[in-house]
Amino acid sequence: MPEFPIKALLLENIHPVAEEILRAQSIDVKCLSKAGSKESLKEELKGVHVLGIRSKTQITKEVLDLAPELLVVGCFCIGTNQVDISAARLKGCPVFNAPYANTRSVAELVVAEIVMLSRKVAHRSALLHQGRWEKSASACFEVRGKTLGIVGYGHIGSQLGILAEDLGMRVFYYDIAAKMPIGNCRPTETLEELLKLSDFVSFHVPETESTKNMISHDRLKLMKKGSYLLNASRGSVVDLEALANALKSRHLEGAAIDVFPEEPEGSVSEFKNPLQNIPNVILTPHIGGSTEEAQKNIGVEVATSLLQFVANGSSSMAVNFPKVDLPIQSDCHRVLNVHKNVPGVLAEITGIISEVGANIESQYLATDPAIGYLIVDLDKAVSAEVKNRVSALPASIKTRILF
Ligand code: NAI
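Because the structure is a prediction, the values reported are computed rather than measured.

Caption draft 1: Here's a closer look at the side chain of K120. With respect to the helices and strands, the residue K120 is situated in the loop between α5 (103–118) and α6 (121–129). On the accessibility criterion, K120 (10% relative accessible area) is buried. At 3.2 Å, the side chain of K120 and the side chain of E253 are in polar contact. The residues contacting K120, other than those within four sequence positions of it, are A139, C140, Y228, E253 and N280.

Caption draft 2: Local environment of the pairing of strand β14 (residues 360–367). Where β14 and strand β15 (residues 371–378) come together, seven bridges link them in antiparallel fashion. Its bridge partner lying in β15, S362 is registered against D377.

Caption draft 3: Examining the pattern of salt bridges more closely. Under the criterion given, the structure shown has 18 salt bridges. The salt bridge partner of D65 is K91, with a shortest N-O separation of 2.6 Å. In this pair, D65 sits in helix α3 (residues 61–65) while K91 sits in the loop between α4 (85–90) and β5 (95–96), placing the two residues 26 residues apart along the sequence. By relative accessible area, D65 is classed as partly exposed at 38%. One salt bridge connects E253 with R250, and the closest N-O pair in it is separated by 2.8 Å. Assessed through its relative accessible area of 47%, R250 is described here as partly exposed.

Caption draft 4: View of the site of the ligand. The full set close to the ligand counts 26 residues, and H155, I156, D175, V205 and D258 are the nearest of them. Between an oxygen atom of the ligand and a side-chain N or O atom of K179, the distance comes to 3.1 Å. In the environment of the ligand, a nitrogen atom lies 2.9 Å from a nitrogen or oxygen atom belonging to the side chain of S210. Protein coverage of the free-state accessible area of the ligand, which is 860 Å², stands at 85%.

Caption draft 5: Main features of the packing of α5 against helix α7 (residues 155–166). Packing of α5 against α7 brings their axes to within 9 Å, and their N-to-C directions diverge by 45 degrees. When the interaxial angle is binned, α5 and α7 end up oblique. The interaxial crossing formed by α5 with α7 has right-handed handedness. Contact residues: T103, R104, V106, A107, E108, V110, V111 and I114 in α5; H155, I156, Q159, L160, L163 and A164 in α7.

Caption draft 6: Just the sheet that holds strand β9 (residues 200–203), in detail. The seven strands are arranged β8-β7-β6-β9-β10-β11-β12 in an open sheet whose pairing can be described as parallel. Looking at which strands have only one partner, the edges of the open sheet turn out to be β8 (186–187) and β12 (281–283). Looking at chain direction, strand β11 (residues 252–257) and β12 are connected through three bridges and run parallel. Looking at the pairing, A255 lines up with V281 of β12. The strands touched by helix α10 (residues 240–248) within the sheet are β10 (227–231), β11 and β12, with β11 carrying the most contacts at an inclination of about 145 degrees.

Caption draft 7: Molecular detail of the layout of surface pockets. Of the voids in this model, the second largest pocket is the one considered here, and its volume is about 270 Å³. Around the second largest pocket sit 16 residues that line it, and K120, H123, R250, E253 and P279 are the ones nearest its centre. Of all the elements in the fold, those that place two or more residues in the lining of the second largest pocket are α6, α10 and β11. When residues in the lining of the second largest pocket are grouped by element, the largest group, three residues, is from α6. Broken down by class, the residue content of the lining of the second largest pocket amounts to six nonpolar, four polar and six charged.

Caption draft 8: Broad picture of the pairing of β10. Within β10, five of the five residues are buried, which leaves it mostly tucked inside the rest of the structure. Here β10 shows no split at all, with S227, L229 and N231 on one side and Y228 and L230 on the other all buried. Pairing of β9 with β10 involves four bridges; the strand directions are parallel. Looking at β10, one finds that V201 is bridged to L229. Handedness of the β9-helix α9 (residues 217–222)-β10 crossover: right-handed. Direction of pairing for β10 relative to β11: parallel, over a ladder of five bridges. Along β11, the bridge assignment pairs L230 with A256. Handedness of the crossover is the feature at issue here: the chain leaves β10, passes through α10, returns alongside β11, and the resulting connection is right-handed.

Caption draft 9: Molecular detail of the packing of aromatic side chains. Applying the stated rule across the entire model yields seven aromatic pairs. Their ring planes at 5 degrees and their centres at 3.7 Å tell us that Y153 and Y173 sit as a pair that is stacked. Taken as a pair, Y153 in the loop between β6 (147–151) and α7 and Y173 in strand β7 (residues 170–174) lie far apart in primary sequence, 20 residues in all. Considered together, Y153 and Y173 belong to a single accessibility category, that of buried residues. Where F309 meets F321, the ring centres are 6.5 Å apart and the plane angle is 85 degrees; that geometry is what we call edge-to-face. Of this pair, F309 sits in helix α11 (residues 292–312) while F321 sits in the loop between α11 and β13 (333–340), and the two are 12 residues apart along the sequence. As far as the burial class goes, F309 and F321 line up, both buried. Here the aromatic residues F96, F309, F321 and Y373 are joined through ring pairs into a cluster of three or more. In this structure, R400 packs its charged tip against the face of F309, placed 4.7 Å from the ring centre.

So, how was this worked out
- Residues numbered from 1 in each chain as written.
- Predicted model: local features only at pLDDT ≥ 70, side-chain atom pairs only at ≥ 80, totals over all residues.
- Heavy atoms only, no water.
- Helix = DSSP H or I, 4+ residues; strand = E, 2+ residues; numbered from the N terminus.
- Buried < 20%, exposed > 50% of the residue type's maximum accessible area, 1.4 Å probe, protein only.
- Polar contact = N/O pair within 3.5 Å; in protein donor to acceptor, adjacent residues only side chain to side chain.
- Contact = heavy atoms within 4.5 Å.
- Pairing = 2+ DSSP bridges.
- Salt bridge = Lys/Arg side-chain N within 4 Å of Asp/Glu carboxyl O.
- Near = heavy atom within 4 Å.
- Areas by Shrake-Rupley, 256 points an atom, 1.4 Å probe, with all protein chains shown as cover.
- Axes fitted to C-alpha atoms, helices over the stretch in contact; angles between N-to-C directions.
- Parallel < 35°, antiparallel > 145°, perpendicular 65-115°, else oblique.
- Left-handed = near helix turned anticlockwise from the far one by under 90°.
- 1 Å grid on protein atoms, 1.4 Å probe; cavity = no way out; pocket = protein on both sides within 12 Å on 5 of 7 lines; lining within 4 Å.
- Points joined across faces, edges and corners; volume = space filled by probe spheres on them.
- Nonpolar A, V, L, I, M, F, W, Y, C, P; charged D, E, K, R; others polar.
- Right-handed = clockwise from strand over helix to strand, strands pointing away.
- Phe/Tyr/Trp six-rings, centres within 6.5 Å; stacked < 30°, edge-to-face > 60°.
- Lys NZ or Arg CZ within 6 Å of the ring centre and 35° of its normal.

Note that every value here comes from positions in space, so none of it alone points to a role or purpose.
Take a look at the structure:
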């Protein structure tokens, strides 16, 4: 139990499940639907220990300076670009997110698109909306027995592989890291090999220098005639002009694209891209991970990480912090200290512990180049003194105690 009542502020319409989870542990939660601005946060962050945001609230070093009591930040979304995570680390604040809460949602959309492309559903639907009834089996195929090539066999790629195998597809993948194949999926040695053998190629890689324009004119030429390309990863991965040409020349028979090099912030009515009006191309506005389930998963995952940090100091899922996950001990108090990673600080802390004659039940230190995160479980009688003396050390950033 923390030594003081914990106050949480949740901004930007975070899923209500997060509020439920925090309240169930006696945390005082205030929810606001709007994002926080630099000006509004000055007031709103007063006395706040736990802050939950989505992607719009910018947590800069300046904002963190306004919130000395802040213990932890939860990004109820996938990315953490909106937070200055290194400034947060130096303030002793771990930052949590939910990078894999929407994995299944993306994999499901892609597997559905594979079937829809193969049956030319988008094209036929568009025609029928215009009143044109064009019933034909020509160039429409089952996906059973066809080959799917997955580029990037991480969380989404491997889930997709399982779903595709369940449909009777043969699945190959290419990844720069060694990945254990699940089911009957098989790796290829090179991307080129994968492109040549696949009927469908689906991209699930991060945005990095190595994935920028990974699919160019030359690589599209390597794909089988009549094959299909799907991208629900990042817009920079596929050269859309080159893809448009490959589709117009009928080298490729269709594509499904969920992500674009430039994406608008909010809703717009005039979004332009080179693939518009090409038959059998499914275009979606970056909705791969956008489901009610994913939103709820994000709420549960991040609220649980916040609670675990508040209640026992666990930081193992944080994006900017040394990883510690130590089960809480009964019959002792836990002192948690974040300090600058400078020579001698650990000796000073152990000196204090030994001077007060504390009996240590367990102790764990994790460091990164900037900070050290120390958890010590010790007897109840001396915990307050240890906390006070450790927090007075010049290298200490944040020290708290759990009863
Ligand atoms: P992950 O990190 O679990 O997997 C990515 C995989 O790509 C890793 O196995 C990595 O080794 C591999 N990889 C990296 N560079 C590569 C290269 N040059 N060639 C081949 N493999 C490479 O990521 P996760 O969660 O599976 O996400 C994949 C992508 O999906 C990310 O770009 C993410 O931003 C995007 N995404 C899109 C969503 C949407 O709404 N459309 C929602 C969620 C994620």
